[in-house]
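Single-letter residue listing:
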Amino acid sequence: MAPSDDVHNVAPEMAIAFFRSILPFNSLDDATLNDLAHHCRVDFYPKGTRILKQGETDITHLYLIQRGGVKAFIEDDQGDVTLKDFRGVGAYIGALGIIRGTPANLNIETVEDTFCFLLPREIFLRLVEQEPSFAHYYLKSFSEKIVTTAYNELRHHKVSNRSGDDLYLFSVRVGDLVKTLRKVSSGSSIQEAAASMAEHRVGSLLVYDPADEENIVGIITDRDLRSKVVAAGLDYNLPVENIMTGPVQTVLSQSLCFDVLLKMMTTSIHHLAVERGGRVIGVVTSHDIMLLQGHSPYYLFKEIRGQQQISGLYVLAQKIPDVIRGLIKEGAKAGNITQMIAILNDHILERMLTLLEKELGPPPVPYCWLLMGSEGRREQTFKTDQDNAILYADPVNDEEKLAAENYFKGFAEKAIGHLVNCGYPLCPGFIMATNPRWCQPLSVWKDYFSKWIDAPDPAELLNATIFFDFRSGFGDSSLARDLRNHLNAKAKEKDIFLFHLARQCMATRVPLSFFKNFIVNKDGEHKNRLDIKGQGLTPFVNFARVLALKNGISETNTLARLKALYDADFINREIWSSANDAYELQMQQRLIHQLSQIEEGVLPDNHINPEQLSDLDKRMLKDAFTIIERLYSVLDKMYPVA
Amino acid sequence: MFDLLNPGTWFPRAAPQLRANKDFFASFDQGRPLSEYTFVVCDTELTGLNKKKDELISIGAVTIRDLQIDLSSMFHNFIKPENMDPTQATLVHRITPQQLEAAEPIDVVLPRFVEYIQGSLLVGHHLPLDMHFLNKATARVMGGTLSNPGVDTMRMAQGYKRVQLGHYHEHNPREISYSLDDLGREYNLPQFKPHDALEDALQTAYLFLYLIKKFRKGGLVTLKDIFQSGRVGSFRY
């Protein structure tokens, strides 16, 4: 079999057309595309096929999805599955592993019947090296790498159960940021150096000793060219050592970016050489770090903790959306993002109340600042109304009672005002610590819950559900624990209460009106919009709440409740994992939706236009909705209408 | 499901390519895993559908190795017809009379194609029709017929449908359309331009990959399994 080239050199048109339609391949010329198409293979993976296995599969090809879709997920040492991402037509799989030369960092499994083009890794690597557009496009892998690191940290964090003080998120080592080392001999002319900088599009060059290339003696930057050469009218033919700064300040490659940033800020030197094993491997600039770390949660976290003025917190709180935006853009998962929002909000609250206590003097009795609703569940997004309350220890006598009432009244008023200034709007339902009804001692709170549980009035219960998701936000958390134990003990034995709660949950039916195969509102302000919160997420929240109360589970976060229910064998693995995935997917959609609204300068809401979703998104969402019916049937069996 | 087409009569004057092909398949093992075979998915375009009169005017083919379509080796040739007014060819096909006029004759193209499919299993949608014209041509210009075993994706699709439908006898698989277009739509395969030999071959290759991998999930791992899956209904997938 010796086929002559002309016979077989048929251009696979469909492959070329495909490459033309996707980034960054669309920037390649026809000859290159033709050549690429000839090196491709096409493979088919039925729905449910595991294409890559995290930490195991050696990636031999770049996969480009021609038809179908995949999900990317991480499985930690304990078998916990974290959904990371869905990828559809035109998306790639495996680029990061090929560029880094490591096995797959994610599990990839097809969620539909999927056809992929397979491009051999050598050819892909050659493109990355030779085509500037490719290098640029996949440079994004740096930030993905950070997310991977962040996930590792987060998993580690979860396992070792550390407190917020050790929030090691974004503990990226500076060595990971370093780009190709560019250097010039100290004997080279200024003009040669400038030409080299222009050619490589870099803002600085390291300068080495002509006698020993490894010996870095200085650095020149754009700024040196500007101020020491052009402005001073210096001869371009002089050797660069005339204008270099030396010796170069160095940092070790394993230093944390945060520490490097601190060093830059304290020394006012913005270019540092990075050293590994006694050798300089490159330069890191403050710009590199700010680019990746400028909106890092860790950075903000440190700022919040160091704040000495309540008014200083106002500005910091407004920075939270920027941090979150960065996380979403880097591909972080919804579950982690909402947790991050909760952590940052908690720290604002903690710092603010700490400073407020200093201002007003210590409280007469211990107290706990309660968070309700989505804050209580740690599920806030960009739109976070205040839902809070004060719970204080029972006063021992009338005098203490009066002192407590007075103190917490003033305390609450100031706190709520500060929170508004921080950008958390007032609760329209007036569920806030300033409402005397929700600023009460423990015994009164216990009575509230007893009343709701013992003689449930369905109408009142509807408004009270958010109270069942309370958690301690600041202060003496043992008070909140005491109240939770009381609630758990009461709720478990009261079937009539759980019955009402369950029926109420099921009352949120998925409306059966379809718009382009999608469930949407039929009329009103949000006509043909999908209410992702009310119709999509709330059923999951309600389901988890009912079962958590029924089984005495103290968790308030929906995903954590589901996990706890599964761990204790109250729901099966299948229900748990599908509910978990469906919930997380919708959260992600909601976050992305709100993020784009913020970018457009619109107030974020929960109403998604299905027309703006990709086919894959739509299908995923529809699948997610079908899970709701399954959850309802579980509830229906437990609490049948007699 | 799977046709072991008759190798045909062996003529002493058979071309060396055909003899080599025949020798290869004389000791052919059907029991190996599917991924070890090379398949050539082919499609032909004809001047018409008259089995006696009409001739081949193009052959398109694509190779499947490791159960992946290998885009590096595709085959596409127009053929200059001997007894036909080339102006008629434009009716259905995307072939212009000029292209046919400029094409090489069958006795140049066919030996190349036989070399291309050497040692491979042939796959086609309604393959017997293509085989009829190919064998008619090889007999005439190369003095023999093709020995390659063949797989008909139309019959695979029928078998797959029977498995899918299982016990629901009210569906008669015969009422369902098994045209390449309709199957492509039903299985949501990428669509190719119809009535071009190479594009149809690619479309068939996608269908073949789809069916074979869907079947494989049901435990069909060797060529023999695919052959035996003609008796469908007795296994679950």
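Residues numbered from 1 in each chain as written. Chains lettered and ligands numbered in written order. Predicted model: local features only at pLDDT ≥ 70, side-chain atom pairs only at ≥ 80, totals over all residues. Heavy atoms only, no water.

**Some thoughts on the overall build of chain A**
Keep this limit in mind: Every helix listed is a DSSP run of H or I at least four residues long, and every strand listed is a run of E at least two residues long, numbered separately from the N terminus. Any residue under 20% of the maximum accessible area for its type is buried, any over 50% is exposed, and the rest in between are partly exposed; the area is computed with a 1.4 Å probe on protein chains only. The contact criterion used is simple: two residues touch if any of their non-hydrogen atoms lie within 4.5 Å. Areas reported here follow the Shrake-Rupley algorithm with a probe of radius 1.4 Å; residue values treat only the protein chains shown as occluding.
Per the secondary structure count, chain A includes 25 helices and 20 strands. Every one of the 642 residues in chain A was classed for burial, and the buried ones make up 52%. Long-range contacts, defined here as pairs at least 24 residues apart, represent 70% of the contacts in chain A between residues at least 6 apart. Carbon and sulfur atoms make up 50% of the accessible area of chain A, which totals about 28700 Å².

**Brief notes about the packing of helix 13 (residues 310-318) of chain A against helix 15 (residues 334-360) of chain A**
Residue and element names in this part refer to chain A. For clarity, the threshold we go by: Angles run from 0 to 180 degrees between N-to-C directions of axes, and those axes are lines fitted to C-alpha atoms, restricted for helices to the stretch in contact. In what follows, roughly perpendicular refers to angles from 65 to 115 degrees, roughly parallel to angles under 35, roughly antiparallel to angles over 145, and oblique to any angle outside these ranges. Amino acid classes used here: Ala, Val, Leu, Ile, Met, Phe, Trp, Tyr, Cys and Pro are nonpolar; Asp, Glu, Lys and Arg are charged; the rest, including Gly, are polar.
Remark: helix 13 packs on helix 15, axes separated minimally by 10 Å, with the N-to-C direction vectors making an angle of 170°. Our classification of the angle between helix 13 and helix 15 gives roughly antiparallel. Each of Ile310, Leu313, Leu316 and Ala317 in helix 13 lies in contact with helix 15, whose residues at this interface are Ile348, Arg351, Met352, Leu355, Leu356 and Glu359. When its residues are assigned to classes, the contact of helix 13 with helix 15 shows 8 nonpolar, no polar and 2 charged.

**Here we look at the interface of chain A and chain B**
Rules: Put simply, buried area is the surface a 1.4 Å probe can reach on two separate parts but cannot reach once they are joined, added for both. Whenever a carboxyl oxygen of Asp or Glu lies within 4 Å of a side-chain nitrogen of Lys or Arg, that contact is scored as a salt bridge. Whenever two N or O atoms come within 3.5 Å, that pair is a polar contact, provided that in protein one can donate a hydrogen and the other can accept it, and provided that, for residues adjacent in sequence, both atoms are side-chain atoms. Strands pair, by our definition, only if DSSP identifies at least two bridges between them.
Contact with chain A, which involves 26 residues of that partner, is made by 30 residues of chain B. The junction of chain A with chain B conceals about 2600 Å² of combined surface from both sides, 55% of it contributed by carbon and sulfur atoms. Taken together, the connections running from chain A to chain B amount to 5 salt bridges. Measuring nitrogen to oxygen at the nearest pair gives 2.9 Å for the salt bridge that ties Asp113 of chain A to Lys214 of chain B. Run the count over chain A and chain B and you get 15 residue pairs in polar contact (both at pLDDT 80 or more). The greatest single-element share of the side of chain A that touches chain B, amounting to 4 residues, is contributed by strand 1 (residues 41-45) of chain A. Taken together, the residues of the side of chain A that touches chain B sort by class into 16 nonpolar, 4 polar and 6 charged. Inspection of the sheet shows strand 1 of chain A paired to strand 4 (residues 68-80) of chain B by 2 bridges, in the antiparallel sense. Its bridge partner being in strand 4 of chain B, Arg41 of chain A is matched across the sheet by Asp70 of chain B.

**Quick notes on the pattern of salt bridges**
Applying the stated criterion to the full structure yields 33 salt bridges over all chains. Salt-bridge contacts for Arg140 of chain B lead to Glu82 of chain B; the nearest nitrogen and oxygen are separated by 3.3 Å. With a gap of 58 residues between them, Arg140 of chain B in helix 4 (residues 127-142) and Glu82 of chain B in the loop between strand 4 and helix 2 (97-102) connect regions that are remote in the sequence. A residue is classified by how much of its surface remains accessible, and Glu82 of chain B, at 44% relative accessible area, is partly exposed. One salt-bridge network, in which partners are shared between bridges, spans Arg377, Glu379, Asp469, Arg545 and Arg561 of chain A.

**Comments concerning the environment of Asn572 of chain A**
Relative to the assigned elements, Asn572 of chain A resides in the loop between helix 23 (558-567) and helix 24 (573-599). A polar contact is formed between the side chain of Asn572 of chain A and the backbone nitrogen of Glu574 of chain A, at a distance of 3.1 Å.

**Notes on the sheet that holds strand 15 (residues 367-371) of chain A**
All names here are of chain A. Taking strand neighbours across the sheet as the criterion, the 4 strands line up as 17-16-15-18 in an open arrangement whose pairing is mixed. Unpaired on one side and paired on the other, strand 17 (439-441) and strand 18 (471-475) mark the two borders of the sheet. Neighbour-to-neighbour, the strand axes of the sheet open up by a mean angle of 30°, direction not taken into account. Pairing between strand 16 (residues 388-392) and strand 17: 3 bridges, direction parallel. The residue of strand 17 that forms the bridge with Tyr392 is Pro441. Taken strand by strand, helix 15 contacts strand 15 and strand 18, and its axis lies near 40° from that of strand 18. Helix 18 (residues 442-454) contacts strand 15, strand 16 and strand 17 of the sheet and is inclined by roughly 100° relative to strand 17.

**Regarding the packing of aromatic side chains**
The description of an aromatic ring pair rests on the distance of the ring centres and on the angle between the ring planes. Residues and elements named next belong to chain A. Note the cut-off: Stacked, edge-to-face and tilted labels apply to pairs of Phe, Tyr and Trp rings (six-membered ring for Trp) whose centres lie within 6.5 Å, assigned for plane angles under 30 degrees, over 60, and everything in between, in that order. By the criterion adopted, a ring carries a charge over it if an Arg CZ or a Lys NZ lies within 6 Å of its centre and within 35 degrees of its normal.
Across all of its chains, the model carries 43 aromatic pairs over all chains by this definition. Three or more aromatic residues joined by ring pairs make a cluster, and in this case those are Trp438, Trp445, Tyr448, Phe449, Trp452, Phe467, Phe468, Phe470 and Phe497. Taking the ring centre of Phe73 as reference, the NZ or CZ of Lys71 above it sits at 5.4 Å.

**Re helix 21 (residues 495-507) of chain A**
Along an α-helix, residues three or four apart share an orientation, since each turn contains 3.6 residues. What counts here: Expected span, for any helix, means 1.5 Å times one less than how many residues it has.
The first and last C-alpha atoms of helix 21 of chain A sit 18 Å apart over 13 residues, in line with the 18 Å expected at 1.5 Å per residue. Residues Phe497, Leu498, Leu501, Ala502, Gln504, Cys505 and Met506 of chain A constitute the buried set of helix 21 of chain A.

**Focus on the pairing of strand 6 (residues 121-124) of chain B**
Residues and elements named next belong to chain B. Under the convention used in this document: Convention used here: a crossover is right-handed provided that the path from the first strand, over the helix, to the second strand proceeds clockwise when the strands point away from the viewer.
Burial of the side chains of strand 6 extends over both faces: Leu121 and Val123 are buried on one face and Leu122 and Gly124 on the other. With 3 bridges joining them, strand 2 (residues 39-46) and strand 6 adopt parallel strand pairing. The partner of Val41 across the bridge, within strand 6, is Val123. Taken together, the 3 bridges between strand 6 and strand 7 (residues 150-152) define a ladder with parallel strand orientation. In the strand pairing of strand 7, Leu122 is matched with Gly150. Each parallel crossover has a hand, and the one from strand 6 via helix 4 to strand 7 is right-handed.

**Quick notes on helix 5 (residues 121-130) of chain A**
All names here are of chain A. Defined as follows: The arc in question is formed by the directions pointing from the helix axis toward the C-beta atoms.
Inspection of helix 5 places Ile123, Phe124, Leu127 and Val128 among the buried residues, and these make up the whole buried set. One side of helix 5 carries all its buried residues, which in axial view fall inside an arc of 140°. Among the exposed residues of helix 5, those oriented more than 90 degrees off its buried face are Glu122, Glu129 and Gln130.

**Observations concerning the sheet that holds strand 10 (residues 204-209) of chain A**
Residue and element names in this part refer to chain A. Spatial ordering of the open sheet is given by 9-10-11, a layout of 3 strands whose pairing is mixed. Edge strands, defined here as strands with exactly one partner in the open sheet, are strand 9 (183-185) and strand 11 (212-221). The mean angle between the axes of side-by-side strands here comes to 40°, regardless of whether they run parallel or antiparallel. Sheet contacts for helix 8 (residues 190-200): strand 9, strand 10 and strand 11; angle to strand 10, the most-contacted strand, approximately 135°.

**Considering the nonpolar core**
To keep it simple, the criterion reads: In plain words, nonpolar cores are sets of buried Ala, Val, Leu, Ile, Met, Phe, Trp, Tyr and Cys residues tied together by side-chain atoms within 4.5 Å.
Counting 113 residues, the largest nonpolar core has Leu353, Trp369, Leu370, Ile390, Phe408, Trp445 and Phe468 of chain A as its most contacted members. Broken down by element, the residue count for this core peaks at 11 residues, all from helix 15 of chain A. Counting residues in hydrophobic clusters, the runner-up holds 81 residues, among them Cys40 and Tyr45 of chain A together with Tyr187 and Phe208 of chain B.

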